[in-house]
Amino acid sequence: MSNKHDLVGFFDSGVGGLSVLRQVRADLPHESLLYVADSGHAPYGNKSVELIIQRSFAITEFLLEQRAKAVVVACNTATAAAITRLRARFAIPIIGIEPAIKPAVAMTRSGVVGILATGNTVRSVKFAHLLDQHGHQARVLVQPCPGLADCVEQGELNGSRPRALLERYLQPLLSVGVDTLVLGCTHYPFLIPLIRQLAGIEVAILDPSPAIARQLRRRLESEGLLATGDRIGSECYFTSGAPELTARVMGQLLGQSVTLESLPERFRSVEIFSPASLATVA
Ligand code: DGL
């Protein structure tokens, strides 16, 4: 095996980042991809920022050990919490993802835009800056969606639980004329058919994955790292959670069977700093 760093690494709190990975697979067929689902710590949406930073560092270390040449933080919540520190610590290109407020504001016709995201994303300083930069040209309504990513994590894309949650989260937005919805969590693109059913076909739904794939290509090209040639890249998948459940859901989301490995033990648990001591979080 060569020691060359030739993989693109991805991570998310769980299976949501596969919405980004499948786009990258379609757009950059020669890249070999390695995905980490941190399902043992999902959801990130309600975890402490310290824990998310710790997990982001541990997984990035793992990806580098596996010869990553670039990392896609395929998670809005982890991007908001950790990307500045990751970029300061690691020298490889690190691509993040944040709610697509700018394009939504540019395309709304009703002048009212809705953002669906996790609680941690909408409470973050990064999100506040984003709103400040782009949120003035339209009315922007922010809707945290507790429980929604977990439905995707369990493979529930169309049952009574995601339907009831989405009805609750969409109703206040639609009732005031939102015509453009931003999916500010990488789990949510897997719920687009249900969102479309509930919101109607006139509402535009923005999935940022194509923009992330373009950004990744630009970065790889500018660093001379883009894979070329005839060879189709490989994919491999790791999880910190229960491999059987995660493999089943990943297979369901990608429409193909997935072989999943367990994240090595030393990258699985987290030591977080608490004022009193260093506590280990399972
Ligand atoms: N997929 C993630 C995001 O884009 C996080 C979901 C969660 O774990 O709460 O924010």
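Use the structure listed above.
Residues numbered from 1 in each chain as written. Predicted model: local features only at pLDDT ≥ 70, side-chain atom pairs only at ≥ 80, totals over all residues. Heavy atoms only, no water.

Quick look at the sheet that holds strand β6 (residues 139-144)
At step 1: Read across the open sheet, the four strands follow the order β6-β5-β7-β8; overall the sheet is parallel. Two strands close off the open sheet at either side, each with one partner strand: β6 and β8 (204-206). Each adjacent strand pair in this sheet contributes to an overall mean axis angle of 20°, direction not counted.
At step 2: Note: strand β5 (residues 112-117) against β6, six bridges, orientation parallel. Across the sheet, L116 pairs through a bridge with Q143, a residue of β6.
At step 3: Along the sheet, helix α8 (residues 160-174) makes contact with β5, β6 and β7 (180-184), crossing β6 at roughly 165°. (Pairing = 2+ DSSP bridges. Helix = DSSP H or I, 4+ residues; strand = E, 2+ residues; numbered from the N terminus. Axes fitted to C-alpha atoms, helices over the stretch in contact; angles between N-to-C directions. Contact = heavy atoms within 4.5 Å.)

Focus on the environment of E153
At step 1: Within the secondary structure, E153 sits in helix α7 (residues 148-153).
At step 2: On a C-alpha basis, the gap between E153 and G16 in space is 7.4 Å, while along the polypeptide they are 137 residues apart.
At step 3: At a separation of 3.1 Å, a polar atom in the side chain of E153 contacts the side chain of S39. (Polar contact = N/O pair within 3.5 Å; in protein donor to acceptor, adjacent residues only side chain to side chain.)

Things to note about the site of the ligand
At step 1: Near the ligand there are 13 residues, and of these S13, Y44, G45, T77 and H187 occur at the shortest range.
At step 2: At a separation of 2.6 Å, an oxygen atom of the ligand approaches a polar backbone atom of Y44.
At step 3: Between T186 and the ligand, the recorded distance is 2.8 Å, taken from a backbone N or O atom to an oxygen atom.
At step 4: When the residues that make up the shell around the ligand are grouped by side-chain class, the tally is five nonpolar, seven polar and one charged. (Near = heavy atom within 4 Å. Nonpolar A, V, L, I, M, F, W, Y, C, P; charged D, E, K, R; others polar.)

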